[in-house]
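# Topology and contacts: notes
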Amino acid sequence: MSVEKILKAELSTNILKALGSSGGGCISQGQTYETDRGRVFVKINHKPQARTMFEGEMASLEAIQKTGIVRVPQPIKVMDLPGGGAMFAMEYLKMKHLNKYSSRLGEQIAELHLYNQRLGEKLKAEGSTIGKGAAHSEAQFVDQFGFHTPTCCGYIPQVNEWQSDWPSFFIRHRLQAQLDLIEKDYGDREARELWSQLKPKIPEMFCDVEIVPALLHGDLWAGNVAEDDSGPIIFDPACFYGHSEFELAIAGMFGGFSSSFFSAYHSKIPKAPGFEKRNKLYQLFNYINHWNHFGTGYRGSTLNMMRKLLK
């Protein structure tokens, strides 16, 4: 069965007209189609883990959408490809480079990060009286770190098992998980030695901060943000509940965000004591993730960042 036949059936549309390839990122290819319900954007990936990847992305888009704070494409459906792999259909949005709405996006990302904390405060204020509970408020306060389903940062699946302690979650399911892959593929002695020195020092970087789980986009680099005439749009999320500062590391690493984005963000969430050092720690995660995706070109930056953190 052809891709077109599957899409026609799964999206129950009579019209299905390809509108030229829309590129897509480094991971999946993308194609826009005209359908009975308007334009849809379809991502196609032939990797065996594509379904996990797309289901994580769909759950992430739904989680962001539920907050009603920042615009994402409306997810439609994840479908299997006949020869293995999967497709993911979502609303097509005509996007241009983030420019005019940079500071608005900064505000919205901060609001997204504060959303769960505010739910918690509201529950406390309501004194969560019997009978109010679930029926009263749709959204549930999340008091742990993780996510209800695996998500992928790039194509590497991330374990999001719930944990009550952020440093433990971050060390185990983010840094250690990535370094295990480095060990497996490269057996890099220097990385191993630096990590064994760094790992026990990480919890002390968090001793002065109170961290309320924040819903994170999870991969907020310039290639995953845009705007249209009505405002900013974010896409390709790898959501989980984590420390809000984690989000800012990749945003600051590869350019594409103006200073107005950061100042708007920090006007709502000021930098906590120790921010700069933790920012390096979160950048370290992104360097190792890039090493795992794109090879040893990122080895130097990874090891340098570990050395800086050990100073």
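Our subject in this report is the structure included herewith. (Residues numbered from 1 in each chain as written. Predicted model: local features only at pLDDT ≥ 70, side-chain atom pairs only at ≥ 80, totals over all residues. Heavy atoms only, no water.)

### Here we look at helix H6 (residues 189-198)
- Those residues of H6 that sit buried are Ala191, Leu194, Trp195 and Leu198. The buried side chains of H6 occupy one side of the element, clustering within an arc of 100° when seen end-on. Away from its buried face by more than 90 degrees, H6 exposes Arg189 and Ser196.
- Where the residues of H6 are buried, they touch helix H5 (166-186), helix H9 (275-294) and helix H10 (299-310).
- Where H6 begins, the capping side chain belongs to Asp188, and its oxygen is found 3.2 Å from the backbone nitrogen of Glu190. (Buried < 20%, exposed > 50% of the residue type's maximum accessible area, 1.4 Å probe, protein only. Helix = DSSP H or I, 4+ residues; strand = E, 2+ residues; numbered from the N terminus. Arc of directions from axis to C-beta. Contact = heavy atoms within 4.5 Å. Polar contact = N/O pair within 3.5 Å; in protein donor to acceptor, adjacent residues only side chain to side chain.)

### A look at the packing of H9 against H10
- Between H9 and H10, whose axes approach to 9 Å, the crossing angle comes to 155°. Judged on the interaxial angle alone, H10 and H9 are roughly antiparallel. Our pair here, H9 against H10, has a crossing hand that is left-handed. Taking contact as the criterion, the partners of Lys277, Lys280, Leu281, Gln283, Leu284, Tyr287, Ile288 and Trp291 in H9 are, on H10, Arg299, Ser301, Thr302, Met305, Met306, Lys308 and Leu309. (Axes fitted to C-alpha atoms, helices over the stretch in contact; angles between N-to-C directions. Parallel < 35°, antiparallel > 145°, perpendicular 65-115°, else oblique. Left-handed = near helix turned anticlockwise from the far one by under 90°.)

### With respect to the nonpolar core
- Grouped together as the largest cluster of nonpolar side chains are 73 residues, with contacts concentrated most on Leu105, Trp166, Leu175, Ile202, Phe206 and Ile234.
- Once residues within four sequence positions are removed from consideration, Phe206 is found in contact with Trp166, Pro167, Ile211, His243, Arg278, Leu281 and Tyr282. (Core = buried A, V, L, I, M, F, W, Y, C linked by side-chain atoms within 4.5 Å.)

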